[in-house]
Amino acid sequence: NMLYVKEGRANLGSFDVASGKMADVTKGNQAVVSYRSVPDASKFVLLISTPTRVGDLYWLDKAGAQPKQLTHINDELFSKLNLTEPEEVWYTSFDGKKIHTWVQKPPDFDPNKKYPLILNIHGGPAGVFQQSFIGGRGVYPLATFAARGYAILRANPRGSSGYGTEFRRANMKDWGGGDYRDLMTGVDRVIEMGVADPERLG
């Protein structure tokens, strides 16, 4: 068993060494942060985070089943916070590559307004934006930016992990080339969506 990232979601998978096949143990719009299993790996305790929830413990008694939530850390706090789920967007870049992104809109988003946009770029360049808690510790306080009226674009351009080997290697010997254009195409896409104010971009 191992944790793996696919299309911005971190889940637990099982790998059969004999056949070379992999199967999902968990699925979902989440980030499985860590896990422990019983000796035969038939049951698991999982620590799962989502964009609007810090990690809680879950019990999984069968691969593919719906995990049962064991803890409800800070339920009272989360009931008072106005955190919104990021919107998943796919767009086509300059050369036809499909780029996956998360658009974080401010709380109480008004579709008739345009918002200042922050383009948040991950490092690596093999990093990846995942569906983990937006209010967690990190370089950029995403929940705070959103609460103060900013829209945020977090794209996974070519070179990002979780989209296959070809995509991961697509910026080799071209760092800051195609990946830059992927990001700028994403900014254009959020403007086209009517979310971002083209005069207030950062």
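These numbers come from a predicted model, not from an experiment.

### Some details on the environment of Ser14
So, step 1. Its place among the elements puts Ser14 in strand S2 (residues 9-16).
So, step 2. Looking at Ser14, the relative accessible area reads 27%, which means it is partly exposed.
So, step 3. Between the alpha carbons of Ser14 and Asp24 there is a distance of 6.4 Å; along the sequence they are 10 residues apart.
So, step 4. The residues touching Ser14, leaving out its near neighbours within four places in the chain, are Asn1, Lys21, Met22, Ala23 and Val25.

### Comments concerning the layout of surface pockets
So, step 1. If you add up the space inside the largest pocket, you get close to 340 Å³.
So, step 2. Every residue lining the largest pocket is counted, 15 residues in all, and those nearest its centre are Phe129, Ser132, Gly138, Leu142 and Arg154.
So, step 3. Taken together, the residues that form the lining of the largest pocket break down as 7 nonpolar, 6 polar and 2 charged.
So, step 4. Of the pockets and cavities examined, the second largest pocket occupies roughly 180 Å³.
So, step 5. If you trace the second largest pocket, you find 13 residues lining it, with Lys27, Gln30, Ala65, Gln66 and Pro67 closest to the centre.
So, step 6. For the lining of the second largest pocket, the secondary structure elements donating two or more residues are strand S5 (44-50) and strand S6 (53-60).
So, step 7. By residue class, the composition of the lining of the second largest pocket is 6 nonpolar, 5 polar and 2 charged.

### Let's talk about the nonpolar core
So, step 1. Grouped together as the largest cluster of nonpolar side chains are 18 residues, with contacts concentrated most on Val103, Leu117, Leu119, Ala151, Leu153, Val187 and Val190.
So, step 2. Looking at this core, the elements with two or more residues in it are strand S8 (87-92), strand S9 (98-104), strand S10 (115-120), strand S11 (151-156) and helix H4 (178-192).
So, step 3. Aside from chain neighbours lying at most four places away, what touches Leu153 is Thr101, Trp102, Val103, Leu117, Ile118, Leu119, Asn120, Leu183, Gly186, Val187 and Val190.

### A word on the side chain of His122
So, step 1. The residue His122 is located in the loop between S10 and helix H2 (142-147) in this model.
So, step 2. Of the polar contacts made by the side chain of His122, one reaches the side chain of Ser160; its length is 2.8 Å.
So, step 3. Other than its neighbours up to four places away in sequence, His122 contacts Gly127, Val128, Phe129, Ala155, Asn156, Pro157 and Ser160.

Definitions and limits used
Residues numbered from 1 in each chain as written. Predicted model: local features only at pLDDT ≥ 70, side-chain atom pairs only at ≥ 80, totals over all residues. Heavy atoms only, no water. Helix = DSSP H or I, 4+ residues; strand = E, 2+ residues; numbered from the N terminus. Buried < 20%, exposed > 50% of the residue type's maximum accessible area, 1.4 Å probe, protein only. Contact = heavy atoms within 4.5 Å. 1 Å grid on protein atoms, 1.4 Å probe; cavity = no way out; pocket = protein on both sides within 12 Å on 5 of 7 lines; lining within 4 Å. Points joined across faces, edges and corners; volume = space filled by probe spheres on them. Nonpolar A, V, L, I, M, F, W, Y, C, P; charged D, E, K, R; others polar. Core = buried A, V, L, I, M, F, W, Y, C linked by side-chain atoms within 4.5 Å. Polar contact = N/O pair within 3.5 Å; in protein donor to acceptor, adjacent residues only side chain to side chain.

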